[in-house]
Amino acid sequence: MVEVTQTFDLVPGIDQRAWGELAHRAVATVLRSPGIVEFRAHRNQLGSPKVRTTAVWQSLADWAKAAENPEIKALETEMGGYVTNLRVEFWVPSPVLPDAARPR
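First things first, this report covers the structure right here in the doc. (Residues numbered from 1 in each chain as written. Predicted model: local features only at pLDDT ≥ 70, side-chain atom pairs only at ≥ 80, totals over all residues. Heavy atoms only, no water.)

## Describing the sheet that holds strand S1 (residues 2–10)
We apply this condition: One requirement defines pairing of two strands: DSSP has to find at least two bridges between them. Here a strand is any run of E in DSSP of at least two residues, a helix any run of H or I of at least four, and the numbering for each starts at the N terminus. Helix axes use the C-alpha atoms of the stretch in contact, all axes being lines fitted to C-alpha atoms, and the angles between their N-to-C directions lie in the range 0 to 180 degrees. Residues count as neighbours in contact if any of their non-hydrogen atoms are within 4.5 Å of one another.
Judged by pairing direction, the sheet is antiparallel, and its four strands sit side by side in the order S2-S3-S1-S4 without closing on themselves. A single partner strand is all that each edge strand has here, and the edge strands are strand S2 (36–43) and strand S4 (83–91). When strand polarity is set aside, the average angle formed by the axes of neighbouring strands in this sheet is 15°. The sheet strands contacting helix H1 (residues 16–31) are S1, S2, strand S3 (51–57) and S4, and the helix crosses S2 at an angle near 160°. Helix H2 (residues 60–67) contacts S1, S3 and S4 of the sheet and is inclined by roughly 115° relative to S3.

## Details of the pattern of salt bridges
Any two side chains of opposite charge can pair, on the condition that their charged atoms come close. Put simply, the rule reads: By convention in these notes, a salt bridge is any Lys or Arg side-chain nitrogen within 4 Å of a carboxyl oxygen on Asp or Glu. Only protein chains enter the area calculation, which uses a 1.4 Å probe; residues under 20% of their type maximum are buried, those over 50% are exposed, and those in between are partly exposed.
Tallied over the full model, the rule gives six salt bridges. The partner of Glu78 in a salt bridge is Arg25, and the shortest N-O contact between them spans 2.9 Å. With Glu78 in helix H3 (residues 70–79) and Arg25 in helix H1, this residue pair connects regions lying 53 residues apart in the sequence. Look at Glu78 and you get partly exposed, because its relative accessible area is 37%. You can call Arg25 partly exposed: its relative accessible area is 40%. Put simply, Lys73 and Glu68 hold a salt bridge, and the shortest N to O gap is 3.7 Å. Salt bridges sharing common partners tie together Glu3, Glu38 and Arg40.

## Describing H1
Put simply, the test is: One fewer than the residue count of a helix, multiplied by 1.5 Å, yields its expected span. Starting at the helix axis, one direction is taken to each C-beta atom, and the arc is that of these directions. Think of a polar contact as two N or O atoms within 3.5 Å of one another; within protein, one of them needs to be a possible hydrogen donor and the other a possible acceptor, and neighboring residues in sequence only count if both atoms come from side chains.
Across its 16 residues, H1 extends 22 Å between first and last C-alpha, which sits within 8% of the 22 Å expected from 1.5 Å per residue. Along H1, the residues that are buried comprise Trp19, Leu22, Ala26, Thr29 and Val30. Summarising the axial view, the buried residues of H1 lie within an arc of 95°, below the 170-degree limit, and thus occupy one face. In H1, the exposed positions that point more than 90 degrees away from the buried face belong to Arg17 and His24. If you follow the buried residues of H1, they end up packed against S1, S2, S3, H3 and S4. Looking at where H1 begins, the residue whose side-chain oxygen comes 3.0 Å from the main-chain nitrogen of Arg17 is Asp15.

And the structure:
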């Protein structure tokens, strides 16, 4: 599995309702992609970056195929008017601690 994390800030003064509608359309499109396991979004309570999304994929190949989807590419272009300081990271399990640790 691979986790693709995006962090970004929202452009000041954007139409929040329009942003919310775009974000929901984008998530719905991603969730139709083969190989997607889950999608999470969080808001930073302490400042920048303001938003973090995490998409969990079965494989990096699944993510790469989805990234080439023309519908996703169009949504990313549209999102460019709403976000700034975009950063993308790809994470895989640690060889030292490959599974989540939880209290007993």
